[in-house]
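# Understanding the architecture of this molecule
Letter by letter, the chains look like this.
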Amino acid sequence: MSTGSGAAPDSIREAGTTAGGEPAVAGSEGTGDSHGAAGTGPEPDGAPPGDPNSGAPLAGDTASDEEHADQEMSLLDHLGELRTRIMHCVIAAAVGFLACYAVAEDMLRFFLQPLLNVLPPKSTLIATTLPEKFFTVLKMAFLGGFLVASPYIFYQIWRFIAPGLYREERRALVPVAIATAFFFTGGGVFGYFVVFPFAFSFFVDYAGELITIMPTISSYFSFAVMLLVAFGVVFELPVVLYFLARIGLITAAGLRRNRRWAILGAFILGALLTPADPISQCLMAGPLIVLYEVGIVAAALFGKKKPPAPEAAAPETAASESAASE
């Protein structure tokens, strides 16, 4: 009968066989294979789970997570980071200022002592304006507050530089910040206890008996702070050399080759940053040369190591490999 031998309904044909009687291809719609493993949803662009060619990172892939964390910062991000670091530094300096203001008078007396020790009996420090001493005391409190907060301030400076460093270099931020504060303070201490007595004695003796020296308190404070900052910056040389060696810009061998130019530059820098007397110049150039040698040692110990050159294959090994390929 025509009803029994007729063509099967379209729905039955699609479910079982194709029009030619061939079995339907596995993976068509309605089969369980189209969704991959049980309990998982479809992957983007049809990629199977865990496919490295898929756009989504693998679950628990720490390398991908770190890649996303280390994306390049835009200009606005850098400006926002700079503003944050500056605010932290200002707050730290303000806290240090408040802590030092209570003892600012005693700090100023201690700060003036190197000059008072070499002044003639009839000479003394003077103030030419009414608020001169008051503002000098405030400056002394700010200077003391900066020194107290200097480890944290230098740490914030290094943190601003950190996004441009590798991960292993970022781990050295705290030691570098402490070393920066230590060498800066060490330079100021060296200037106060070693350079000040010689420099001030030279200028007092140079005035002679015809001139009575009576410097103002503000002029002395500005001159002394300039010298202390100069010595503090110069004493940062080992930290700078260590940092440049860590990122691979300089090497200990290169520093040794340029030693004679470094010695010449030390005396030139000493002449520019200190008074005109040769004693102060030598007192700055001498430590600078020693610190350069310390920087060479730091670069040799902690500098970035160059990867070893690949060894050339032995002749018999190369010959055997070529024979095997033939």
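Remember, predicted model here, so these are calculated numbers, not experimental data.

What follows concerns the packing of helix α8 (residues 173-207) against helix α10 (residues 237-246). Where α8 contacts α10, the two axes come as close as 9 Å, and the packing angle between them is 155°. Classified by the angle between their axes, α8 and α10 sit roughly antiparallel to one another. In contact with Val176, Ala179, Thr180 and Phe183 of α8, α10 contributes Pro238, Val239 and Tyr242. When its residues are assigned to classes, the contact of α8 with α10 shows 6 nonpolar, 1 polar and no charged.

The next point concerns the nonpolar core. Within soluble globular proteins, side chains that are nonpolar tend to cluster in buried spots. Among the nonpolar cores identified, the biggest contains 26 residues, and Leu108, Phe111, Phe196, Tyr220 and Phe221 are the most heavily contacted of them. Residue assignment for this core shows that the elements contributing at least two residues are α5 (104-116), α6 (132-161), α8 and α9 (217-234). Here Tyr220 is in contact with Phe111, Leu112, Pro114, Leu115, Leu125, Phe196 and Phe200, once residues within four sequence places are set aside. Counting 12 residues, the second largest nonpolar core, distinct from the first, contains Val195, Ala199, Phe235 and Leu291.

For the protein chain, the average pLDDT comes to 74, and 68% of its residues sit at 70 or higher. Note on residues 1-71: pLDDT is under 50 here. Beyond four places in sequence and across chains, it has 23 contacts.

This part covers the packing of aromatic side chains. Counted by the stated rule, this structure contains 20 aromatic pairs. Ring centres 5.5 Å apart and planes at 80° place the aromatic pair Phe182 and Phe183 in the edge-to-face group. Residue Phe182 is classed as exposed on the basis of its relative accessible area, which comes to 59%. The interplanar angle of 45° and the centroid separation of 6.3 Å between the aromatic rings of Phe200 and Phe223 together place this pair among those described as tilted. Here Phe200, found in helix α8, pairs with Phe223, found in helix α9; they are 23 residues apart in sequence, far enough to count as distant. Using a relative accessible area of 4% as the deciding quantity, one classes Phe200 as buried. Aromatic rings pair up to connect Phe110, Phe111, Tyr192, Phe193, Phe196, Phe200, Phe202, Phe203, Tyr206, Tyr220, Phe221 and Phe223 into one cluster.

Rules and cut-offs
Residues numbered from 1 in each chain as written. Predicted model: local features only at pLDDT ≥ 70, side-chain atom pairs only at ≥ 80, totals over all residues. Heavy atoms only, no water. Axes fitted to C-alpha atoms, helices over the stretch in contact; angles between N-to-C directions. Helix = DSSP H or I, 4+ residues; strand = E, 2+ residues; numbered from the N terminus. Parallel < 35°, antiparallel > 145°, perpendicular 65-115°, else oblique. Contact = heavy atoms within 4.5 Å. Nonpolar A, V, L, I, M, F, W, Y, C, P; charged D, E, K, R; others polar. Core = buried A, V, L, I, M, F, W, Y, C linked by side-chain atoms within 4.5 Å. Buried < 20%, exposed > 50% of the residue type's maximum accessible area, 1.4 Å probe, protein only. pLDDT = per-residue confidence, 0-100. Phe/Tyr/Trp six-rings, centres within 6.5 Å; stacked < 30°, edge-to-face > 60°.

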